2 protein chains.
Amino acid sequence: MERAGGARGLAEAGLGGGGESGVPAAGAVAAVLPAGGCGERLGGPTPKQFCPVLGRPLISYTLQALQRVSWIKDIVVAVTSENMDMMAAIVQRYRHQRVTLVEAGTTRHRSIFNGLKALAGDHPHSRLPTPTVVIIHDAVRPFVEEDVLASVVAAARDHGAAGAIRPLVSTVITPSADGCLEQSLDRAKHRASEMPQAFLFDVIYRAYCQCSDHDMEFGTECLHLALKYCHTKAKLVDGSPDLWKVTYKRDLYAMESIIKDKISQQICVVADTEEDAECIAFLQGLLKKELEVQGTSVTLCPNGQDLQKIILGDCYNFVCINMKNSDFRPPRQLLAGLASAAPSPFYPVAVVSVYFLDSQNVSLSEKMKEVMEMKDFAKEVKKQNVFFYGVLIHFPQDNPQQLQEHVRQGASIVASLIKDRNAGLVGQLLIA
Amino acid sequence: MERAGGARGLAEAGLGGGGESGVPAAGAVAAVLPAGGCGERLGGPTPKQFCPVLGRPLISYTLQALQRVSWIKDIVVAVTSENMDMMAAIVQRYRHQRVTLVEAGTTRHRSIFNGLKALAGDHPHSRLPTPTVVIIHDAVRPFVEEDVLASVVAAARDHGAAGAIRPLVSTVITPSADGCLEQSLDRAKHRASEMPQAFLFDVIYRAYCQCSDHDMEFGTECLHLALKYCHTKAKLVDGSPDLWKVTYKRDLYAMESIIKDKISQQICVVADTEEDAECIAFLQGLLKKELEVQGTSVTLCPNGQDLQKIILGDCYNFVCINMKNSDFRPPRQLLAGLASAAPSPFYPVAVVSVYFLDSQNVSLSEKMKEVMEMKDFAKEVKKQNVFFYGVLIHFPQDNPQQLQEHVRQGASIVASLIKDRNAGLVGQLLIA
Ligand SMILES: [Mg+2]
Ligand SMILES: [Mg+2]
């Protein structure tokens, strides 16, 4: 067993102790995440919990969802020995906090049991304080929210066990031995058992200690073990559709689109001048409409501290308006600030630099040099997970009424770039 | 009841009669598609079967999947009266064949019954020949393949009823009255009942004629009605994961990505010259690798008939190599051919024009004019569902060894454009 990242001190300093939100402070809460699966349903060689989504492994999103809940004191992840190094590197790279890695067993139940042993006071290999309540969650359900975690934990304190459920999407049937319909179950009387689940630690640990080899081998359901071995009837808690399990390749696609949607909701507009406020406001209004965003802000060349705040406020989009000059210069100051504020952000940050140009009497060769430099620059900052694009708003000086129409087109292009976040198009100068 | 599109003759002429593939010709097959749902799970105002996916309503994809199976003689779609006109317009716009629209009932079962009545020999409102076997499918399962349709039809001929099943993804549980776990069902002993299903027409029509109001109101499962009213035990047929039902917004995202993947598998490279074959072959090889495509072909300025063949061969991507001149001229001949070959294609066609240019001694103003014309042109052809993009491969004459590196970058940009098929970036000139 190893303590990955060693970021516990950091996390506790940063996020404070438990009890301040949702869940009462009566006894600590930990989480166990079995992540030993081999992902045969995806067809590829990579187990699904390690598949990249916008460049980051799926399991890192799940850890992110758990670690932002400050009252979860420890997160124990069970991974196979062959994936141990990769998992430790993920924890380090994305600075995951309060995470401990243990070795997975040969089945899901054995992996969970290994996770519980690391938390058990009476077990020789335990290293961590024993919690009152333990959450069990899947590595491949990345969108779990604090409210459902709080609900299952509260219900587990009262009932000994609790789990999230969902209505059935399909009718469940019983086949006969010869592959024919024996009966259809009444959909209204049954539910799908999902994750997260939570247990009084004593209940689930006792259940696993008594568990038969057959249950360890073929069972999948922790609630069932608590019922069978401890006679604990779990409280069932309605979960949201977000709890769905990433199972097939299509689920990875869906997850990527959901995240792209989510991180396109906030834009920070950065201007290099306080003049031309009208034009900037016009562009900002268009962007807000195009992206159906929840928030935009305008700021003048933010410094490192401002950027830190903006990114912590879940803003991953910067639109830089260059009014003062007509060179295609990338916003180096902003990008240096971004690199120091968030050395390895959870999501790719989109930076779109908008230039205004009248092409009259300019040599293409000269501009082409600037365009090629922009591409080199973009390649460089992509290593910091910053996707840099340029947008040129072309307006001939002798035809100023075209400006508004071109700004409109420009806004539409900026919106497309932010929504799509296409890694293959970084460094491009799009033209409106 | 109305016969939409009236394209029956066309379809039969084009695709031939039944019996030539998979299913034996013993009696005709029809399909009923209940599409009266209101899609509350998606949250939006549009019922999910009408939600656009790459610009085309979801139900059109499902119709496409059914109509390409030539032995399905009639497709009866049940839609609410308020959506009747929209549905008729969809059938017409995408030239769906063998489709008849009937009015949906207030529940799924009532909609299916209305569809069956249109096919029933003894019913006053029937208009169509009565089939031996009827397929019932969901409007929101667009990826149904001919093999599973053939399997359920064959099984229905033998057993009277048949339906596709899938393994359960979640454990199914029974809650007690107070919301606690009563029991977990053994996942190995149960299955999810999916669509398509198929029935001897007499069996399912008799079942619906006897069906109680309660079943009509609250039931969802046709297999159950056949069992209850006709004592017909359906044969269960293993289905593929593709049969999944588009239920949530995330499923629309997944569907869009799957289709984008699918239509990026074939590229047609069009060259304006037979010279420079080496450079063209180099670019083609790179594209093949970047897109992991199954097929590429090279052709010299194809005519309308060639294009028709290429598009029928499921190719939706054209890369035009312009070697002979250095103007940014769009491939007008190709695009005119595309417009006449496929006036309303099922998918957006991506056309990427690749130009080679040394920027020395060229005025930006002059080139900018060409770039703006390219944008106008792209806007025009987008109306025909053609997404046109330009890629400029920049290489200074005094540094010819840069060409290979720039072609490499160009291929990567072309691949990104084809994969993403971003509607907001049409008409852009990307630079390598
Ligand atoms: Mg201990
Ligand atoms: Mg008739």
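Where an unreviewed UniProt entry is consulted, chain A appears under the name D-ribitol-5-phosphate cytidylyltransferase, with the organism given as Sarcophilus harrisii. Taken directly from UniProt, the Sequence similarities (unreviewed entry) text for chain A runs: "Belongs to the IspD/TarI cytidylyltransferase family. IspD subfamily." In its Subcellular location (unreviewed entry) section, the UniProt record describing chain A reads: "Cytoplasm, Cytosol".

Q: Can you tell me about helix α12 (residues 332–341) of chain A, naming the residues and giving the values?
A: Residues and elements named next belong to chain A. Those residues of α12 not exposed but buried are L334, L335, G337, L338 and A341. All buried residues of α12 project into a common sector of 160 degrees when viewed along the axis, lining one side. Residues of α12 that are exposed and point over 90 degrees away from its buried face: R332, Q333 and S340. Buried-residue contacts for α12 involve β13 (266–271), α11 (304–312), β15 (317–322), β16 (349–357), α13 (364–382) and β17 (386–394).

Q: Run through the coordination of the magnesium ion (ligand 1), naming residues and quoting values.
A: Looking at the magnesium ion (ligand 1), the protein donor atoms are S126 of chain A (OG) and L128 of chain A (O), and they sit 2.7 Å from it. Under the relative-accessibility criterion, L128 of chain A is labelled buried at 10%.

Q: Describe the relation of the copies chain A and chain B, naming the residues involved and giving the relevant values.
A: Mapping chain A onto chain B calls for a screw motion: a turn of 180 degrees about the axis and a shift of 0.0 Å along it, with 0.0 Å RMSD after fitting. Look at the turn and shift together and you get a two-fold axis relating the two.

Q: Give me the domain arrangement of chain A: which residues, what numbers.
A: All names here are of chain A. When cut into domains, chain A gives domain 1 (2–258) and domain 2 (266–431). Each of domain 1 and domain 2 has a C-alpha centre, and the two are 41 Å apart. Taken together, the contact pairs nine residues of domain 1 with six residues of domain 2. Here domain 1 meets domain 2 over a buried area of about 670 Å², counting both sides, of which 55% is carbon and sulfur. Run the count over domain 1 and domain 2 and you get zero salt bridges. Where domain 1 meets domain 2, there are two residue pairs in polar contact (both at pLDDT 80 or more). Here the side of domain 1 that touches domain 2 gets three residues from one element, more than from any other, and that element is helix α2 (residues 58–67).

Q: Pulling in residues and values, what's your account of the pattern of salt bridges?
A: One pass over the structure, following the stated rule, counts 26 salt bridges over all chains. As a salt-bridge pair, E182 of chain B and K233 of chain A come within 3.9 Å of each other at their nearest N and O atoms. Of the two residues, E182 of chain B is situated in strand β10 (residues 181–184) and K233 of chain A in the loop between α8 (222–230) and β12 (235–238); the pairing between them involves two chains. On the basis of relative accessibility, which here comes to 40%, the residue K233 of chain A falls in the partly exposed class. One network of salt bridges, in which partners are shared, links R108, D138, R141 and E194 of chain A.

Q: Quick rundown of the interface of chain A and chain B? Include the residues and the values.
A: Contacts between chain A and chain B engage 74 residues on the former and 74 residues on the latter. Between chain A and chain B, roughly 6,400 Å² of surface is buried when both sides are summed, and carbon and sulfur atoms account for 59% of that area. Considering only the surface of chain A that becomes buried against chain B, L181, R250 and L364 of chain A emerge as the three largest contributors, covering 11% of it. Linking chain A with chain B are four salt bridges. Counting every contact that joins chain A to chain B gives 28 residue pairs in polar contact (both at pLDDT 80 or more).

Q: Hey, could you go over the nonpolar core for me, with residue numbers and the actual values?
A: Formed by 240 residues in total, the largest nonpolar core has its most connected members in F318 of chain A together with F318 of chain B. Not counting chain neighbours up to four residues away, the residues in contact with F318 of chain B comprise C268, V270, L307, I310, I311, L334, L338, V349, A350, V351 and V352 of chain B. Counting 38 residues, the second-largest nonpolar core is a separate cluster that includes A78, V102, F201 and C230 of chain B.

Q: Just give me the short version of the environment of V319 of chain B, but keep the residues and values in it.
A: Residues and elements named next belong to chain B. Its location among the elements puts V319 in strand β15 (residues 317–322). On a C-alpha basis, the gap between V319 and A271 in space is 8.3 Å, while along the polypeptide they are 48 residues apart. Sequence-distant contacts of V319, defined by excluding residues within four places in its chain, comprise I267, C268, V269, V270, L287, V352, V354, V414 and I418.

Q: Could you give an account of the packing of α2 of chain A against helix α3 (residues 84–93) of chain A, with specific residues and numbers?
A: Residue and element names in this part refer to chain A. Orientation of α2 relative to α3, taken along the N-to-C sense of each, is 50 degrees, at an axis distance of 11 Å. If you check the angle between α2 and α3, you find them oblique. For the crossing formed where α2 meets α3, the hand is right-handed. Residues I59, S60 and L63 of α2 touch α3, and the partners they reach there are M87, I90 and V91. Classifying every residue of the contact of α2 with α3 by side-chain character gives five nonpolar, one polar and no charged.

Q: I'd like a rundown of the environment of V381 of chain A, residues and numbers included.
A: All names here are of chain A. With respect to the element layout, V381 can be found in helix α13. A residue is classified by how much of its surface remains accessible, and V381, at 9% relative accessible area, is buried. Spatially, the C-alpha atoms of V381 and G427 are 9.8 Å apart, while their sequence positions differ by 46 residues. In contact with V381, other than residues within four places in its own chain, are L335, V386 and F388.

Q: If you had to explain helix α9 (residues 249–263) of chain B to someone new, which residues and values would you point to?
A: The end-to-end C-alpha distance of α9 of chain B is 21 Å, a good match for the 21 Å that 15 residues give at a rise of 1.5 Å each. Turning to α9 of chain B, its buried residues number three or more, namely R250, D251, L252, Y253, A254, M255, S257, I259, K260 and I263 of chain B. On its buried face, α9 of chain B sits against α9 (249–263) of chain A together with β3 (52–53), α2 (58–67), β15 and α14 (402–420) of chain B.

Q: Please give an account of the packing of α9 of chain A against α9 of chain B that cites residues and values.
A: At a minimum axis separation of 8 Å, α9 of chain A and α9 of chain B run at an interaxial angle of 115 degrees. Judged on the interaxial angle alone, α9 of chain B and α9 of chain A are roughly perpendicular. Considering how the two elements wind past one another, α9 of chain A and α9 of chain B form a crossing that is right-handed. Only K249, R250, Y253, A254, S257, I258 and D261 of chain B of α9 of chain B make contact with α9 of chain A, whose side of the interface consists of K249, R250, Y253, A254, S257, I258 and D261 of chain A. Among the residues forming the contact of α9 of chain A with α9 of chain B, the class breakdown is six nonpolar, two polar and six charged.

Q: So what about empty space enclosed by the protein? Which residues, and what values?
A: Within this structure, the stated rule accounts for five cavities of 30 Å³ or more. Estimated volume of the largest cavity: approximately 200 Å³. If you trace the largest cavity, you find 17 residues lining it, with L364, M368 and I431 of chain A together with L364 and I431 of chain B closest to the centre. At the level of secondary structure, the elements contributing two or more residues to the lining of the largest cavity comprise α13 and β18 (429–431) of chain A together with α13 (364–382) and β18 (429–431) of chain B.

Q: A description of the layout of surface pockets should follow, citing residues and the corresponding values.
A: When its volume is computed, the second largest pocket comes out at roughly 1,400 Å³. Lining the second largest pocket are 50 residues, with R108, G219, T220 and K245 of chain A together with R187 of chain B sitting closest to its centre. Put simply, the parts of the chain that give the lining of the second largest pocket at least two residues each are α4 (108–117), β11 (191–200), α7 (213–218) and α8 of chain A. For the lining of the second largest pocket, the class distribution of residues is 16 nonpolar, 20 polar and 14 charged.

Q: I'd like to hear about the pairing of strand β10 (residues 181–184) of chain A, residue by residue, with values.
A: Residue and element names in this part refer to chain A. Here strand β9 (residues 171–175) pairs with β10 via three bridges, running antiparallel. Paired with P175 across the strands is L181, a residue of β10. Between β9 and β10, which pair antiparallel and follow one another directly, the connecting turn spans five residues, one of which, G179, has a positive phi of 75 degrees.

Q: An account of the packing of aromatic side chains is needed here, citing residue identities and associated values.
A: Residues and elements named next belong to chain A. Going through the model one piece at a time under the given rule, you end up with 17 aromatic pairs over all chains. Judged by centre distance (5.6 Å) and plane angle (20 degrees), the rings of F113 and Y208 are stacked. Residue F113 is located in helix α4, and its partner Y208 is located in helix α6 (residues 201–210); the two are separated by 95 residues in the primary sequence. A residue is classified by how much of its surface remains accessible, and F113, at 14% relative accessible area, is buried. Pairwise contacts between aromatic rings join F113, F201, Y205 and Y208 into one cluster. Here K117 stacks its cationic end above the ring of F113, 4.4 Å away from the centre of that ring.

Q: Got a sec to walk through the pairing of strand β11 (residues 191–200) of chain B? Specific residues and values, please.
A: The two faces of a sheet get side chains in turn, since along a regular strand they alternate between them. Across the ten residues of β11 of chain B, eight count as buried, placing the element largely inside the fold. Taken together, the three bridges between β9 of chain A and β11 of chain B define a ladder with antiparallel strand orientation. Paired with T171 of chain A across the strands is S193 of chain B, a residue of β11 of chain B. The sheet contact formed by strand β8 (residues 161–167) of chain B and β11 of chain B spans six bridges and is antiparallel. Bridge pairing in β11 of chain B links I165 of chain B to S193 of chain B.

Thresholds, definitions, all that
Residues numbered from 1 in each chain as written. Chains lettered and ligands numbered in written order. Predicted model: local features only at pLDDT ≥ 70, side-chain atom pairs only at ≥ 80, totals over all residues. Heavy atoms only, no water. UniProt positions renumbered as here; feature names shortened; annotations may be inferred. Buried < 20%, exposed > 50% of the residue type's maximum accessible area, 1.4 Å probe, protein only. Helix = DSSP H or I, 4+ residues; strand = E, 2+ residues; numbered from the N terminus. Arc of directions from axis to C-beta. Contact = heavy atoms within 4.5 Å. Donors = N, O, S within 2.8 Å, 3.2 Å for Na, K, Ca; no water. Least-squares fit on C-alpha atoms with pLDDT ≥ 70 in both. Domains from an automatic or database assignment. Buried area = accessible area lost by both parts, 1.4 Å probe. Salt bridge = Lys/Arg side-chain N within 4 Å of Asp/Glu carboxyl O. Polar contact = N/O pair within 3.5 Å; in protein donor to acceptor, adjacent residues only side chain to side chain. Core = buried A, V, L, I, M, F, W, Y, C linked by side-chain atoms within 4.5 Å. Axes fitted to C-alpha atoms, helices over the stretch in contact; angles between N-to-C directions. Parallel < 35°, antiparallel > 145°, perpendicular 65-115°, else oblique. Left-handed = near helix turned anticlockwise from the far one by under 90°. Nonpolar A, V, L, I, M, F, W, Y, C, P; charged D, E, K, R; others polar. Expected span 1.5 Å × (residues − 1). 1 Å grid on protein atoms, 1.4 Å probe; cavity = no way out; pocket = protein on both sides within 12 Å on 5 of 7 lines; lining within 4 Å. Points joined across faces, edges and corners; volume = space filled by probe spheres on them. Pairing = 2+ DSSP bridges. Phe/Tyr/Trp six-rings, centres within 6.5 Å; stacked < 30°, edge-to-face > 60°. Lys NZ or Arg CZ within 6 Å of the ring centre and 35° of its normal.

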